[in-house]
Amino acid sequence: MTHLHYDVIIIGSGAGGGTVASRLAALAADGLKIAVLEAGPHFSKEYFTQREIEMFDLFESGGAFPSSDGAITASFGKAMGGSTIMYSGVTFRLPDSVCEQWSVEGLSSSDLKSRFEKLEKELHVIEPGKEMENDNNRLFKEGCEKIGISVKKILLNIKNCEQMGFCNLGCAHGNKQGTLSVQLPAASSAGVELIPNCKVTDLFEKRVRATICKAPPGSLPGALNEGIYEFHAKIIVLAGGTVGSSALLLKSDFKKDFPVLGSYITLHPAMTVYGIYPKKIKNYKGFPKIYYSSDYSNTPGYYLETAFYYPFITAKNLSLWGKDLKYAMNRYNNLMAIIILVHDDALADNKITLNRKNEPVLDYTLSDKSISAFCDAQAKASKIFFAAGCNEVVMPAAEKPLFSKGDLNGREPESFITPKTFIPNKMPVATAHLQGGCRMGRDRNDSVTDCWGKVHGKDWLYIADGSLFPQSSHVNPYLTIMTLADRVSERLIATKDQWMA
Amino acid sequence: MPKLSKIYRLKYLKKNRLLTFFSVADRVIPADTNSPGGGSMETAAVVDWYMKRVPENIRKKILLFLDVIQFTGLFFGGNFFSSNNIQAQERQLKWMENNKIRLFRMGFFGIKTFIEMGYYTREDIWSAISYDGPVLPGRTYSDSTIRELCQNTLKISE
């Protein structure tokens with residue numbers, strides 16, 4: 001085993017880890033030894049081939065990490081850049097009302113506001129112009145407005161976007177301003193070491209054990225050879241996300257000191273639903289996400305956003321088979337799409353655990369409230385599609401999933417799409433927004449870290465990722481994760497003399 | 001048609017399982033005038049290639065569920081699934097999809113998803129649904145086999 005000594009190691013390179021790395025770059029420039037350990041490979045943008053089956057490489061479990069009951073699949077990155085490689089750059093600030101609900105002492109919306117502003121500038125967050133509005137987005141807006149649903153623009157962190165439409169398979173030109181394009185190169189130039197293919201298996205006081213694997217073909221090799229290493233550091237920052245950070249702490253026996261460790265997971269359960277428009281609209285061209293509606297955010301609790309996906313994922317989302325699937329997929333270029341993101345409650349029973357092989361398991365059950373929200377959202381989405389001019393819609397939870405207005409026989413969609421016909425494990429429910437597991441809070445009975453991401457009672461251990469969220473963020477989380485990581489970094493810089501001593 | 005010299009040999013979908021796969025895939029994605037059905041060597045080969053990459057426990061469950069489908073066919077049409085008529089096969093799959101027992105629903109969802117992946121990542125199917133594919137089609141991938149399978153330029157055998 002090789003022993004290596006650092007001042008700071010950061011485990012994970014996504015929105016949280018990448019941000020900490022860039023914020024601490026100044027320390028690296030001053031001579032501190034800092035490294036980012038990433039379990040996945042380091043792919044350059046040239047690796048992104050825009051083909052679904054090939055780009056499963058970017059994801060943990062090919063993008064389908066299943067919940068233990070199989071009813072939900074979670075999609076998150078496993079590569080340098082984490083999930084910022086395959087997100088769409090959708091940029092939301094944590095709503096003030098949600099920050100209040102979180103009720104974390106020492107974390108205020110006014111503190112977050114200045115950080116949001118700073119990050120938005122650094123990440124080139126823009127309001128997309130009219131030229132970025134493809135047919136799916138235009139029709140969503142028109143449909144919503146016709147039936148009195150308000151629509152807002154989604155802000156995006158992109159620069160010189162060529163609107164190729166393959167954001168979720170990695171940006172082939174690196175124009176999406178995720179950590180692979182922005183923070184990690186900046187950190188690396190300042191002297192922060194990026195160590196890919198480095199899976200941390202055990203955490204001890206001020207050291208971790210990790211296995212470095214061979215770089216897969218097509219990826220950039222790291223500086224270290226294959227083998228088992230122990231990385232010693234004065235400060236360890238966990239940024240492996242809800243699954244990664246929770247699982248590492250669970251494996252390292254932290255549960256006995258932190259009873260809520262791994263618990264209170266939320267994940268914005270999501271379903272994508274479709275309308276069939278009478279003319280070809282080719283929604284995979286152009287930028288997939290421009291508009292959203294938050295009209296139903298308080299009750300029943302969901303957002304509607306525009307979306308579009310490639311053929312396989314579309315077929316999966318349609319939740320049809322047989323002639324109906326063929327019928328809908330033969331009209332692939334006529335499909336409109338809306339993604340439903342449900343605000344789920346943080347419940348203690350929804351948690352990350354370990355199986356007998358010490359591998360992470362996502363124990364999550366869709367609540368009745370979430371199921372009701374999905375049904376209501378599908379009813380509203382069908383109204384939007386019909387108002388936009390679609391002849392038929394595909395709503396997986398409907399009595400008849402592929403239906404036209406005529407099939408409703410004068411009924412409202414709300415009575416056609418009910419929890420009675422929402423059958424878990426039949427519905428294609430997915431998530432890309434895992435949150436919680438190492439929640440912030442007052443003390444170790446109700447949380448794992450304080451409001452600065454420092455693990456209670458462990459001055460050498462910080463967390464900087466979505467696992468800090470005490471409840472759902474209600475919105476796409478990357479910017480909030482970066483903001484919390486910014487706070488972690490600020491605290492580390494402010495206390496540097498103490499921990500360096 | 002160019003002569004295909006390289007061969008992809010199926011590793012997981014073989015013999016009876018391959019027969020079951022063909023039958024299930026043809027029910028999930030039936031042939032129509034626009035495009036072929038899902039039950040073909042081309043679809044099976046893409047699925048087979050991907051199976052090597054999924055965790056062993058998931059692969060085993062998927063393969064086992066194919067056996068479950070084949071044997072459960074006896075209760076729906078008197079024969080193994082692959083020998084039953086189309087109506088019996090559809091009745092059985094609907095029964096599994098909506099079953100009160102979660103394992104049947106999970107199994108069907110899993111198999112269906114693999115079939116959709118195997119079928120809709122094929123480039124000949126892209127043209128059938130008028131999907132243009134990548135904007136940068138010339139980019140190479142580290143494993144040429146899957147590209148060749150999706151482009152139907154490999155000979156496939158059991």
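A word on the overall build of chain B
Regarding its fold elements, chain B presents eight helices and two strands. Listing every helix and strand of chain B by position from the N terminus yields β-α-α-α-α-α-α-α-α-β. Taking 158 residues into account, the globule formula puts the C-alpha radius of gyration at 15 Å, and chain B, at 16 Å, falls close to it. Reported as C-alpha extents along the three principal axes, the dimensions of chain B are approximately 50 × 35 × 30 Å.

With respect to a nonpolar patch on the surface
Together, Phe 71, Leu 74, Phe 75 and Phe 80 of chain B make up a nonpolar patch on the protein surface, roughly 460 Å² of accessible area in all. Within the fold, Phe 71 of chain B resides in helix 3 (residues 56-72).

Here's the deal with the state of the cysteines
Working definition of a disulfide: a covalent bond connecting the sulfur atoms of two cysteines. Residue and element names in this part refer to chain A. In total, this model carries zero disulfides over all chains according to the counting rule given. Here Cys 99 is not cross-linked by a disulfide; its sulfur's nearest cysteine counterpart is in Cys 451, at 11 Å. On the accessibility criterion, Cys 99 (4% relative accessible area) is buried. Cys 167 provides the cysteine sulfur closest to Cys 161, a residue in no disulfide bond, and the two sulfurs are 6.1 Å apart. What makes Cys 161 partly exposed here is its relative accessible area of 27%.

Here we look at the interface of chain A and chain B
Taken together, the contacts link 50 residues of chain A with 50 residues of chain B. Between chain A and chain B, the buried area comes to about 4100 Å², and carbon and sulfur atoms account for 60% of it. Connecting chain A to chain B are four salt bridges. One salt bridge in this structure joins Arg 53 of chain B and Asp 57 of chain A, with 2.8 Å as the shortest N-O distance. The interface formed by chain A and chain B contains 26 residue pairs in polar contact (both at pLDDT 80 or more). Mapped onto the side of chain A that touches chain B, the elements with two or more residues apiece are helix 3 (52-55), helix 9 (311-318) and helix 10 (323-329) of chain A. Grouping the amino acids of the side of chain A that touches chain B by side-chain chemistry returns 24 nonpolar, 13 polar and 13 charged.

Thoughts on the side chain of Ser 219 of chain A
Residues and elements named next belong to chain A. Position of Ser 219 among the secondary structure elements: in the loop between strand 11 (207-212) and strand 12 (227-238). For Ser 219, a relative accessible area of 11% corresponds to the buried category. Within the structure, the side chain of Ser 219 is placed 2.7 Å from the backbone oxygen of Pro 216, a separation counted as a polar contact. Setting aside its immediate chain neighbours within four residues, Ser 219 contacts Pro 41, His 42 and Phe 43.

Comments concerning the domain arrangement of chain A
Residue and element names in this part refer to chain A. Domain annotation for chain A reports domain 1 (2-63 + 73-124 + 169-265 + 433-500) and domain 2 (130-158 + 270-343 + 367-428). Taken over C-alpha atoms, the centre of domain 1 sits 32 Å from the centre of domain 2. At the junction of the two partners, domain 1 supplies 23 residues and domain 2 supplies 18 residues. Of the roughly 1600 Å² buried between domain 1 and domain 2, counting both surfaces, carbon and sulfur atoms make up 54%. Of all residues in domain 1, the largest losses of buried area upon contact with domain 2 belong to Glu 52, Phe 92 and His 474, amounting jointly to 34% of the total for that side. Counting across the interface, domain 1 meets domain 2 through zero salt bridges.

Points about the sheet that holds strand 6 (residues 125-126) of chain A
Residues and elements named next belong to chain A. If you walk across this open sheet you meet the three strands as 5-8-6, and the pairing is antiparallel. Of all the strands in the sheet, the pair left with one neighbour each is strand 5 (90-91) and strand 6. Where strand 6 meets strand 8 (residues 155-157), two bridges bridge the pair, whose relative direction is antiparallel. By the bridge assignment for strand 8, Val 125 is matched with Asn 157.

What about the packing of helix 1 (residues 15-28) of chain B against helix 3 of chain B?
Residue and element names in this part refer to chain B. The geometry of helix 1 relative to helix 3 is characterised by a closest axis approach of 9 Å and an angle of 75° between their N-to-C directions. It follows that helix 1 is roughly perpendicular to helix 3 by the angle criterion. Along its contact with helix 1, which presents Asn 16, Arg 17, Thr 20, Phe 21 and Val 24, the element helix 3 presents Leu 63, Leu 64, Leu 66, Asp 67, Ile 69 and Gln 70. In terms of residue class, the contact of helix 1 with helix 3 is built from six nonpolar, three polar and two charged.

Notes on the pattern of salt bridges
Residue and element names in this part refer to chain A. Inspection of the entire model under this criterion finds 39 salt bridges over all chains. The partner of Asp 111 in a salt bridge is Arg 487, and the shortest N-O contact between them spans 2.7 Å. Of this pair, Asp 111 sits in helix 5 (residues 109-122) while Arg 487 is found in helix 13 (residues 478-494), placing the two residues 376 residues apart along the sequence. Exposure remark for Arg 487: the relative accessible area of 1% places this residue in the buried category. For the salt bridge of Arg 138 with Asp 135, the shortest nitrogen-to-oxygen distance reads 3.1 Å. Within this pair, Arg 138 and its partner Asp 135 are both found in helix 6 (residues 135-146), separated by three residues, close to a single helical turn. Connected via shared salt-bridge partners are Arg 23, Asp 111, Arg 115, Lys 118, Glu 122, Asp 486, Arg 487 and Glu 490.

Criteria and cut-off values
- Residues numbered from 1 in each chain as written.
- Chains lettered and ligands numbered in written order.
- Predicted model: local features only at pLDDT ≥ 70, side-chain atom pairs only at ≥ 80, totals over all residues.
- Heavy atoms only, no water.
- Helix = DSSP H or I, 4+ residues; strand = E, 2+ residues; numbered from the N terminus.
- Rg over C-alpha atoms; globule rule 2.2 N^0.38 Å.
- Patch = residues over 30% accessible without salt bridge, like charges linked within 9 Å, V, L, I, M, F, W, Y side chains within 5 Å.
- Areas by Shrake-Rupley, 256 points an atom, 1.4 Å probe, with all protein chains shown as cover.
- Salt bridge = Lys/Arg side-chain N within 4 Å of Asp/Glu carboxyl O.
- Disulfide = S-S within 2.5 Å.
- Buried < 20%, exposed > 50% of the residue type's maximum accessible area, 1.4 Å probe, protein only.
- Contact = heavy atoms within 4.5 Å.
- Buried area = accessible area lost by both parts, 1.4 Å probe.
- Polar contact = N/O pair within 3.5 Å; in protein donor to acceptor, adjacent residues only side chain to side chain.
- Nonpolar A, V, L, I, M, F, W, Y, C, P; charged D, E, K, R; others polar.
- Domains from an automatic or database assignment.
- Pairing = 2+ DSSP bridges.
- Axes fitted to C-alpha atoms, helices over the stretch in contact; angles between N-to-C directions.
- Parallel < 35°, antiparallel > 145°, perpendicular 65-115°, else oblique.

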